[in-house]
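Structural features, examined
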Amino acid sequence: MYQYQSFKAMIACWGVALVIALSINACAGFKPAVKRLGDATYEAVLTARNTADNMVANGSMSKIQRQEFAKNITVPTLTILEQAIIDTLAWKEGEPIPENVSRLIGQLTKSADDILKTFGKDSNLHSNMLKAKSAAQEFLDKVQ
Amino acid sequence: MTKEQLAILALQAGFEALLGLFRRHQQGENVTADLDALLKKVQSLKAEEEFIANEDLGTGSVGSDPNPLINPGNKPLTTEELIKGLKVED
């Protein structure tokens, strides 16, 4: 009888451990998803920035246009990305998704459109923006 | 299935769950370090872009030149300094 009670207690303990582990595993995908989204966004902005600098160097973009590009695209995107990363670092399991992470997806879509309008179908930019967009989509699929 | 076999299975399941938890914890630490590194890169790029966004293009001032070797102290140059800098040697 004593052995049977111990056995039941052991099963219950391991059962609880299993449930806790599975719950934590289910929540642990948030930070890696933000990381992938952040990487893709950073790469997209960096490539766009380098392309804009090259365009200024070869005379196909004026310095004023470059400044507007920084004001309207790179700085706002990087500001929200910075905030999203800071919020994600402070995020704890069970808390709602930080608002800046949701805002980043909206900003990314806007920046992608603006970049494509500014640069046309530049291959590097296009593929990078597609990567950023697919990271955003993957993120949405994961958190929704 | 005997009680002993069930106990072994339960132990195995519990051990694997804890091992998974440990791996997740380690992965979480790696992700935090990666996010920290990404944050530094983002802040650095943002600072460069903010400089361009706030650059005074209207006056053509070289006072905003970011290169400290060309413009030590990042101060606006005087007219004499500008003329000296533009002077072409014969």
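Residues numbered from 1 in each chain as written. Chains lettered and ligands numbered in written order. Predicted model: local features only at pLDDT ≥ 70, side-chain atom pairs only at ≥ 80, totals over all residues.

**Here's the deal with the overall build of chain B**
Looking only at helices and strands, one finds two helices and zero strands in chain B. Across the 90 residues in chain B, those meeting the buried criterion constitute 9%. (Helix = DSSP H or I, 4+ residues; strand = E, 2+ residues; numbered from the N terminus. Buried ≥ 20, exposed ≤ 12 C-beta atoms within 10 Å, placed from the backbone.)

**Focus on the packing of helix 3 (residues 63-90) of chain A against helix 4 (residues 99-119) of chain A**
Helix packing geometry: the angle between the two helix axes and the distance between the axes. Residue and element names in this part refer to chain A. Following both chains from N to C, one finds helix 3 and helix 4 inclined at 155°, their axes separated by 9 Å at the closest point. In this view, helix 3 runs roughly antiparallel relative to helix 4, as classed from their interaxial angle. Judged by the sense of rotation from one axis to the other, the crossing of helix 3 with helix 4 is left-handed. Of the residues in helix 4, those in contact with Phe69, Asn72, Ile73, Pro76, Thr77, Ile80, Leu81, Gln83, Ala84, Asp87 and Thr88 of helix 3 are Asn100, Val101, Arg103, Leu104, Gln107, Leu108, Ser111, Asp114, Ile115 and Thr118. (Axes fitted to C-alpha atoms, helices over the stretch in contact; angles between N-to-C directions. Parallel < 35°, antiparallel > 145°, perpendicular 65-115°, else oblique. Left-handed = near helix turned anticlockwise from the far one by under 90°. Contact = placed C-beta atoms within 7 Å.)

**Topic: helix 4 of chain A**
The terminal C-alpha atoms of helix 4 of chain A lie 30 Å apart, and with 21 residues this matches the ideal 30 Å at 1.5 Å per residue to within 8%. Once helix 4 of chain A finishes, Gly120(A) follows within two positions and takes phi at roughly 70°, a positive value. (Expected span 1.5 Å × (residues − 1).)

**With respect to the packing of helix 2 (residues 30-57) of chain A against helix 3 of chain A**
All names here are of chain A. Here helix 2 crosses helix 3 at 165°, and the two axes come no closer than 11 Å. As judged from the angle between their axes, helix 2 and helix 3 are roughly antiparallel. In the crossing of helix 2 with helix 3, the sense of the turn from one axis to the other is left-handed. Along the contact surface, helix 2 presents Lys31, Val34, Gly38, Thr41, Tyr42, Val45, Ala48, Arg49, Ala52 and Val56, while helix 3 presents Lys63, Arg66, Phe69, Ile73, Thr74, Thr77, Leu78, Leu81, Ala84, Ile85 and Thr88.

**Observations regarding the confidence of the model for chain B**
Residue and element names in this part refer to chain B. For chain B, the mean per-residue pLDDT works out to 72, and 56% of the residues sit at or above 70. This stretch, residues 67-71, has a pLDDT under 50; its non-local contacts, to residues over four places away or in other chains, come to five contacts. For this predicted complex, the interface confidence reaches an ipTM of 0.72, while the overall pTM sits at 0.62. (pLDDT = per-residue confidence, 0-100.)

**Quick word on the confidence of the model for chain A**
Chain-level pLDDT for chain A is 77 on average; 72% of the residues reach the 70-or-more range. Mean pLDDT values over the elements of chain A span from 56, in helix 1 (residues 2-27) of chain A, up to 90, in helix 3 of chain A.

**Details of the nonpolar core**
Core analysis: the biggest nonpolar cluster contains 33 residues, and Leu81(A), Ala84(A), Leu104(A) and Ala132(A) have the highest contact counts within it. Breaking this core down by element, the ones donating at least two residues are helix 2, helix 3, helix 4 and helix 5 (123-143) of chain A together with helix 1 (3-54) of chain B. Ranked by residue count, the leading element in this core is helix 2 of chain A, at ten residues. Excluding residues that lie within four positions of it along the chain, Ala132(A) makes contacts with Ala40(A), Thr41(A), Ala44(A), Leu108(A) and Ala112(A). (Core = buried A, V, L, I, M, F, W, Y, C linked by C-beta atoms within 7 Å.)

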